[in-house]
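If you want the building blocks of each chain, they are given just below.
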Amino acid sequence: MCSTLQVPFGLHPCPFPCASPPTEPATLTRMDGLPEKFDVIVYPAAELRGELRAQPSKNYTTRYLLAAALAQGETRVVGAATSEDAGAMLRCLRDWGAGVALVGEDVVIRGFGARPSAGVTLNPGNAGAVARFLMGVAALTTGTTFVTDYPDSLGKRPQGDLLEALERLGARIQSQEGRLPATISGPVRGGVVEVSAERSSQYASALMFLAPLLSGGLDLRLTGDIKSHAPLRQTLDTLAAFGVQASAAGDLSRITIPGGQAYRAGRVTVPGDYPGSAAILAAAATRPGVVRLTNLREHDLQGEREALAVLQEMGADLTREGDTVTVRGGQPLHAVTRDGDGFTDAVQALTAAAALASGTTTWENVATLRLKECDRISDTRRELERLGLTVEETADSLTVTGTPALAGGVTADGHGDHRMIMLLTVLGLNAQAPLRITGAHHIRKSYPQFFRHLEALGARFEYPEATRA
Ligand SMILES: O=C(O)C1=C[C@@H](OP(=O)(O)O)[C@@H](O)[C@H](O)C1
Ligand SMILES: C=C(OP(=O)(O)O)C(=O)O
């Protein structure tokens, strides 16, 4: 059985201990057939045409895998993402003692319940949500250390708000001034605790995953100007899918999760991914042709679903029939002004559409974009200016004036950020001369098939050796 299953994450493939497990590859096995590290040269696309199935959701995959590990017994996560972030979660859960088996496109997890192993060092790669969710759960252990092999990206992202909340609950913490590496030791008590939700919703989500396994539960008070409501609702949705009771105020300022509960093992199916699909839809809207994207649930809690409405407001011919979205591209687009916090992971994709629209688009209330894989406000301004666009930024907004003719013919910096790479790729497809993007392999963080999907629609790329790590 071991030899017949695919091992996309370099993990043990067979459902639970084999007599002689195969040697694990140290690195992620790539399924996109592309070099380990590459730049991409994006050629102008005359049109984009065809049908794609939206890839599995990153945010639901990470949540379902974690909840499955926190259950006792076996859970089948149907159609899990194969991105680096999904792989990072699987690796960490396995290192904490979960059984992990890849069966076709599904992952079968044998959970450790409330008892992840103590004294383990976890490396969540560059995955913010994975790191934070696991840091919350680490309070169940007598010591877990978190490191990252992305010191310039995840290593710079702030963890202090979560670490301070855990400390208030009784955890002992060592960190580099609120950044990784960090060691977290429980036990913690339950009860009322404040956590800031101003910089990231992931801190509160982390405590939500921990809460049901504490005898006293948690009464979370979310402080500050709460950002990214949608992922918090996805966490509530996940808890419900695993039989965990929780209640929340309408504005999410208070979330109460009784203690002494158990996650219920079972079977969950990962829906399609809106943030990644937003980039495909932006590409489709800006080029002639007809693109159909299936597997996009109409009633879904991913905030980036709103990207469809934003593209429509910009003038895109975009229609939905059930789970299938059709874009008839090449319509003239015009600028909008929107609060971007509700669709934070689609702002980059929509910025590509804005750069090609008439007028000046502003995304307001997007300060959290500065705290992602790169500074998605200043770094985006720099890259767009390099392409000849007029861009302005404030502490919490990004303003882009569109151009009818993008010259291209330059090398842009992908900043090691998958969403920046998506943005630049959409621009490259629309430029007059090819555009090179450095470090394009970082697309694998959330959307390993991104270039292959666009190729299936008629786009053309070259993948020279990377000039950026
Ligand atoms: O909870 C999650 O899975 C996520 C929450 C969001 O982050 P913030 O809450 O930091 O905005 C989002 O940007 C990230 O990609 C995934
Ligand atoms: C910011 C992102 O992810 P994370 O915070 O999980 O690293 C993202 O997917 O755009």
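Residues numbered from 1 in each chain as written. Chains lettered and ligands numbered in written order. Predicted model: local features only at pLDDT ≥ 70, side-chain atom pairs only at ≥ 80, totals over all residues. Heavy atoms only, no water.

**Looking at the confidence of the model for the protein chain**
Move 1: Here the protein chain shows a mean pLDDT of 94. Residues at 70 or above account for 94%.
Move 2: In the model, residues 1–29 has pLDDT below 50 throughout and makes 61 contacts with residues more than four positions away in sequence or in other chains. (pLDDT = per-residue confidence, 0-100. Contact = heavy atoms within 4.5 Å.)

**Topic: the nonpolar core**
Move 1: Membership of the largest hydrophobic core comes to 75 residues, with the highest contact counts inside it found for Leu 134, Leu 207 and Tyr 263.
Move 2: Sorting elements by how many residues they give to this core places helix 1 (residues 58–70) first, with eight residues.
Move 3: Apart from residues no more than four positions distant in its own chain, Leu 134 is found in contact with Leu 66, Met 89, Cys 92, Leu 93, Trp 96, Leu 122 and Phe 146.
Move 4: With 74 residues, the next largest nonpolar core counts Ala 352, Ala 353, Met 420 and Leu 429 among its residues. (Core = buried A, V, L, I, M, F, W, Y, C linked by side-chain atoms within 4.5 Å. Buried < 20%, exposed > 50% of the residue type's maximum accessible area, 1.4 Å probe, protein only. Helix = DSSP H or I, 4+ residues; strand = E, 2+ residues; numbered from the N terminus.)

**Looking at empty space enclosed by the protein**
Move 1: The final tally for this structure, using the stated rule, is four cavities of 30 Å³ or more.
Move 2: Of the voids in this model, the largest cavity is the one considered here, and its volume is about 260 Å³.
Move 3: Forming the boundary of the largest cavity are 22 residues, of which Lys 58, Asn 59, Gln 202, Asp 345 and Lys 372 lie nearest the centre.
Move 4: Elements supplying a minimum of two residues to the lining of the largest cavity: helix 1, helix 3 (128–137) and helix 11 (418–430).
Move 5: Split by residue class, the lining of the largest cavity holds three nonpolar, eight polar and eleven charged.
Move 6: When residues of the lining of the largest cavity are sorted by domain, at least three fall in each of domain 1 (40–55 + 272–462) and domain 2 (58–269). (1 Å grid on protein atoms, 1.4 Å probe; cavity = no way out; pocket = protein on both sides within 12 Å on 5 of 7 lines; lining within 4 Å. Points joined across faces, edges and corners; volume = space filled by probe spheres on them. Nonpolar A, V, L, I, M, F, W, Y, C, P; charged D, E, K, R; others polar. Domains from an automatic or database assignment.)

**Section: the UniProt feature "active site" (unreviewed entry) in the protein chain**
Move 1: According to UniProt, the feature "active site" (unreviewed entry) maps to Asp 345 in the numbering used here.
Move 2: Tracing the backbone shows Asp 345 in the loop between strand 20 (337–339) and helix 9 (347–355).
Move 3: On the accessibility criterion, Asp 345 (11% relative accessible area) is buried.
Move 4: Setting aside anything within four residues of it in sequence, one finds Asp 345 in contact with Asn 59, Pro 275, Glu 304, Lys 372, Arg 376 and Arg 419. (UniProt positions renumbered as here; feature names shortened; annotations may be inferred.)

**Quick word on the sheet that holds strand 23 (residues 397–401)**
Through backbone hydrogen bonds, the strands of a sheet pair up, either in parallel or in antiparallel fashion.
Move 1: One open sheet accounts for four strands, arranged 20-21-23-22; its pairing is mixed. Because the sheet does not close on itself, it has two edges, and the strands there are strand 20 and strand 22 (390–394). Across this sheet, the average inter-strand angle for adjacent strands is 10°, counted without regard to direction.
Move 2: With four bridges connecting them, strand 21 (residues 360–364) and strand 23 associate as antiparallel partners. Note that in strand 23 the partner of Thr 361 across the bridge is Val 400. (Pairing = 2+ DSSP bridges. Axes fitted to C-alpha atoms, helices over the stretch in contact; angles between N-to-C directions.)

**Looking at the site of ligand 2**
Move 1: Around ligand 2 lies a shell of 14 residues, among which Gly 128, Ala 129, Arg 157, Arg 419 and Lys 445 are the nearest.
Move 2: One of the side-chain nitrogen or oxygen atoms of Lys 58 is found 2.9 Å away from an oxygen atom of ligand 2.
Move 3: Backbone polar atom of Ala 129 to an oxygen atom of ligand 2: 2.9 Å apart, as the coordinates give it.
Move 4: For ligand 2, whose accessible area on its own is 300 Å², the fraction buried by protein is 99%. (Near = heavy atom within 4 Å. Polar contact = N/O pair within 3.5 Å; in protein donor to acceptor, adjacent residues only side chain to side chain. Areas by Shrake-Rupley, 256 points an atom, 1.4 Å probe, with all protein chains shown as cover.)

**Quick word on the site of ligand 1**
Move 1: Around ligand 1 sit 13 residues in total, of which Ser 200, Ser 201, Ser 228, Asp 345 and Lys 372 are the nearest.
Move 2: Contacts to ligand 1 include Ser 201, whose side-chain N or O atom sits 2.5 Å from an oxygen atom.
Move 3: For ligand 1, whose unbound accessible area comes to 390 Å², protein coverage reaches 96%.
Move 4: At a threshold of 2 Å from the grid points, most atoms of ligand 1 map onto the largest cavity.
Move 5: If you list the elements that add at least two residues to the shell around ligand 1, you get helix 1 and helix 3.
Move 6: Partitioned by chemical class, the residues of the shell around ligand 1 number three nonpolar, six polar and four charged. (Sits in = over half its atoms within 2 Å of the grid points.)

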